[in-house]
Amino acid sequence: MSSAETSNHEVVIIGAGVCGIYMLHRMLDLGVDVTVIEAGDGPGGTWYWNRYPGARFDSESYTYGYSFNKEILKEWSWSEHFAGQPETLRYLNYVTDKLDLRKHMQFGIRVDAAQFDEATNLWNVSLSDGRTLTTRILVTAIGMLSAATMPRIKGVEAFKGQSFHTYYWPQQPVDLAGKRIAVIGTGATGVQVIADIADKAGDLHVFQRRPNWCAPLNNGPIDDAAQAEIKASFDAIFEQCSKTPGSFLHGPDRRNLNEVPREERLAFWEKLYASRGFGVWLGNYRDVLVDPDANAEYSAFIADKIRSRVKDPAVAEKLIPKDHGFGTRRVPLETRYYEAYNRPNVHLVDVNDSPIECITSTGVRTTQKEYDFDLIIYATGFDAITGAFDRIDFTGRNGAKLADKWRDGPITYLGLQTAGFPNLFTLAGPQGASVSSNFPPGIEASVNWATDLIRYLRENNIARVEPSIEAEEQWIEEIKASYDGMLLTQTKSWFTGYNSNVDGHDKLRYMIYLGGAPKYRERLTRIAQTGYPGFELSGSTSKRRAR
Ligand code: NAP
């Protein structure tokens, strides 16, 4: 296709990850002319890019797979309770082919800019290959953790060995055997990669700024009997997930900590610590994430677990967070992470004691020492949730820029649309519930809602939909109210919009809805059933409907 040629679609979806795949399927079912633009060379999104060793689910595999298609649920067998990245990528490719979606996806292409044309009520979408597509509806399925951030450390380009951000881990095998390796960053990614490569590296130095509270994943293979049971129980599994605030199998114990005798709660916590997945975080007494004293008591319990697993008491103390309580940042689930520090080849460097001065051509220089490395792994996180939006130049009505509107934090209605940017569906974007919950159930709800609205627009020949300013203001108030009393809002993390490597991301932002997935879904249903209050529907498409 020549660069001057223009394609017209009714719907353009940006991104072929978990969200884009399902949205594409729903749009095809609706019979619209749709295409997906994807930067990677295949579908999978986060699971396409994050190929670092140790990358795996910490949602139970069978709750992470899509729930919408019984045949897929029957045909696909997860091999582990928490599947690794290669298996998940295979799954997403399998779903893509099973639903015959691949021919509607365009790979290796980025969306650079998108501009709303008020005269035609169409979006002009500029692509990295020089083409411009026009579309009535533009859907972002661009991931909430897809804008990787390198650390703001001097000299990153100077290093002559191999180095990369975990998100861009090479597709070709990386030889780790016997190598001198540095990992910078100890979030959920760093924790997975460190635990996985500790026994492969010759020497591994971990540069830690703030430790996280980590807990065992307790993964294991799914044997035939368990597989049969899972396949027979999908209705119950999804029913259970639909009732919990985070759409996981794990929901809070409705009692407060002090209602339970100490002996009993210690036994309960031992059970949580030994059980699979996020129970240790989300299955706890309900006050642990809101009451500082309850949180301190549980944090002390977990701190003792860390002390019992790390042989060197000084290293153990370094690995125990002192600036925030358990569960107030995303809890990394791990497999023998703490034990990695018992190995003679693994060394913890606390950058608070010896700050990194710069990356040199041969390694890392701290204020105390110069280290030589063959490989530097940057596990330094993401410009989360809004970063991927900032990397596309969105221009709405009256020349307004989305990046300007969201400069001090996102502003949306329901996390699904934003005023001034008609027909832009920000699926899995900021301020929805999918970003604060098990991702696939969250996006299924948002995609289903967006599909219903698109059907409504088509049936009624409506050209434009966008939220009112008042509806946005009210939604922001609701988000603020959902933050009330939550200890996590007092902790710096990507949940609350902090990233030391991005300008201006140094204060609280209202990034996610914390009212719980069931309440959010109820809200979406009510809005759809009552004619979309809070949205302004205008214009007519009767003359130029695509199909
Ligand atoms: P992250 O949680 O933001 O962690 C980034 C790490 O890099 C932090 O330890 C941070 O230290 C450190 N860092 C950043 N800049 C630095 C600098 N200039 N100098 C020194 N250290 C620096 O990012 P992530 O680990 O990639 O995880 C992000 C999210 O991805 C997770 O919370 C999770 O939701 C998702 N994830 C999911 C899975 C899974 O499903 N299994 C696996 C991995 C990740 P500070 O803490 O001091 O800022």
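(A) Highlighting the overall build of the protein. For the protein, the helix and strand inventory stands at 18 helices and 20 strands. Over its C-alpha trace the protein gives a radius of gyration of 24 Å, about what one expects of a compact globule, namely 24 Å for 547 residues. Considering only C-alpha atoms, the protein reaches an extent of 75 × 60 × 45 Å along its principal axes. Seen as two clouds, the 61 positive and the 68 negative side-chain charges of the protein have centres 1 Å apart.

(B) Just the sheet that holds strand β15 (residues 370-372), in detail. Read from one edge to the other, the open sheet built from 3 strands follows the order β13-β14-β15, with strand pairing classed as antiparallel. Each edge of the open sheet carries a strand with a single partner, namely β13 (356-359) and β15. The average angle at which neighbouring strand axes cross in this sheet is 20°, direction not considered. Pairing between strand β14 (residues 363-366) and β15: 3 bridges, direction antiparallel. Directly across from G363, in β15, lies its bridge partner D372.

(C) Region of interest: the packing of aromatic side chains. Under the defined criterion, the tally for this structure stands at 48 aromatic pairs. When the ring of W76 is compared with that of W78, the centres are 5.7 Å apart and the planes differ by 75°; the resulting orientation is edge-to-face. For the pair W76 and W78, a shared accessibility class is recorded, and that class is buried. By the ring-pair criterion, three or more aromatic residues cluster together here, those being Y22, W47, F57, Y64, Y66, F68, W76, W78, Y91 and Y94.

(D) Structural context of unusual backbone geometry. Phi at R336 takes a positive value of approximately 60°, unusual for a residue other than glycine. If you check the backbone angles, N461 has positive phi at about 50° while not being a glycine. Along the chain, the position of N461 falls in the loop between α16 (439-459) and β19 (462-467).

(E) Main features of the site of the ligand. Neighbouring the ligand are 23 residues; R56, T189, R209, W494 and N501 lie closest to it. R209 is positioned such that a nitrogen or oxygen atom in its side chain is 2.8 Å from an oxygen atom of the ligand. A distance of 2.8 Å separates a nitrogen atom of the ligand from a polar side-chain atom of N501. Protein chains bury 87% of the 910 Å² of accessible surface belonging to the ligand in isolation. Broken down by element, the residue count for the shell around the ligand peaks at 3 residues, all from helix α6 (residues 188-197).

(F) Up close: the sheet that holds strand β9 (residues 203-208). Taken in spatial order, the 5 strands line up as β7-β16-β8-β9-β12 in an open sheet, and their pairing is parallel. Strand pairing shows two members of the sheet lacking a second neighbour, β7 (162-165) and β12 (346-350), which therefore form its edges. In this sheet, adjacent strand axes meet at a mean angle of 15° when their direction is disregarded. Bridge count for strand β8 (residues 180-184) against β9 is 5 bridges, and the pairing is parallel. From the neighbouring strand, A182 faces β9, where its bridge partner is H205.

(G) Just the nonpolar core, in detail. In this structure, I13, L204, L414, F425 and W449 are the most contacted members of the largest nonpolar core, which totals 132 residues. Mapped onto the domain boundaries, this core takes at least three residues apiece from domain 1 (3-43 + 101-147 + 384-467 + 513-540) and domain 2 (183-223 + 249-378). Counting 21 residues, the second largest nonpolar core, distinct from the first, contains I37, F116, F389 and F421.

(H) Layout of empty space enclosed by the protein. Taken as a whole and judged by the stated rule, the model has 4 cavities of 30 Å³ or more. Within this model, the second largest cavity holds a volume of roughly 60 Å³. Lining the second largest cavity, in full, are Y62, G65, Y66, I72, L73, W76, W78, Y91 and F234. Considered class by class, the residues forming the lining of the second largest cavity number 8 nonpolar, 1 polar and no charged.

(I) Molecular detail of the environment of R523. Positionally, R523 belongs in helix α18 (residues 517-529). Taking relative accessible area as the criterion, R523 reaches 12% and is therefore assigned buried. The spacing of R523 and S436 is 87 residues in sequence and 16 Å in space, taken between C-alpha atoms. Those residues in contact with R523 that lie beyond four places of it in its chain are Y413, L414, Q474, W475 and E478. Here E478 takes part through its side chain, which lies 2.6 Å from a polar atom of the side chain of R523.

Analysis parameters
By convention here, each chain's residues receive numbers from 1 onward along its written sequence. Per-residue local features of the predicted model are confined to residues with pLDDT of at least 70, and side-chain atom pairs are confined, for both listing and counting, to 80 or more; whole-chain, interface and lining totals are unaffected and use all residues. Heavy atoms throughout the structure, all of them, feed into the side-chain values; hydrogens and water do not. The numbering of helices and of strands both runs from the N terminus, where a helix is a DSSP run of H or I of at least 4 residues and a strand a run of E of at least 2. Throughout, the radius of gyration refers to the C-alpha atoms, and the reference size of a globule is 2.2 Å times the residue count to the power 0.38. His residues and chain termini do not enter the charge count, which takes Lys and Arg as positive and Asp and Glu as negative. In this description, the location of a charge corresponds to atom NZ of lysine, CZ of arginine, CG of aspartate or CD of glutamate. In this analysis, strands are considered paired if DSSP registers two or more bridges between them. Fitted lines through C-alpha atoms serve as axes, helices being fitted only where they are in contact, and the angles separating the N-to-C directions of these axes extend from 0 to 180 degrees. We call Phe, Tyr and Trp rings a pair once their centres come within 6.5 Å, taking the six-membered ring for Trp, and we label the pair stacked below 30 degrees between planes, edge-to-face above 60, and tilted otherwise. Think of it in three bands: residues with accessible area under 20% of the maximum for their type are buried, residues over 50% are exposed, and the middle band is partly exposed, with areas taken using a 1.4 Å probe on protein chains only. Near, as used in this document, describes a residue that has one of its heavy atoms within 4 Å of the molecule or strand being considered. Polar contacts, as used here, are pairs of N or O atoms within 3.5 Å; protein pairs need one atom able to donate a hydrogen and one able to accept it. Residues neighboring in sequence count only if both atoms are side-chain atoms. Surface exposure here means Shrake-Rupley accessible area, sampled with a 1.4 Å probe, where a residue is shielded only by the protein chains that are shown. The set of buried Ala, Val, Leu, Ile, Met, Phe, Trp, Tyr and Cys residues whose side-chain atoms join them within 4.5 Å is what this entry labels a nonpolar core. Segmentation of the chain into domains, including their bounds, is taken from an automatic or database domain assignment. We place a 1 Å grid over just the protein atoms. Points where a 1.4 Å probe fits but has no way out form a cavity, open points with protein on both sides within 12 Å along at least 5 of 7 lines form a pocket, and any residue with an atom within 4 Å of a point lines it. Grid points are joined across faces, edges and corners, and a volume is the space filled by probe spheres set on the points. Three categories are distinguished: nonpolar for Ala, Val, Leu, Ile, Met, Phe, Trp, Tyr, Cys and Pro, charged for Asp, Glu, Lys and Arg, and polar for the others, with Gly belonging to the last. Only heavy atoms enter the contact rule, under which two residues are in contact if any of them lie within 4.5 Å.

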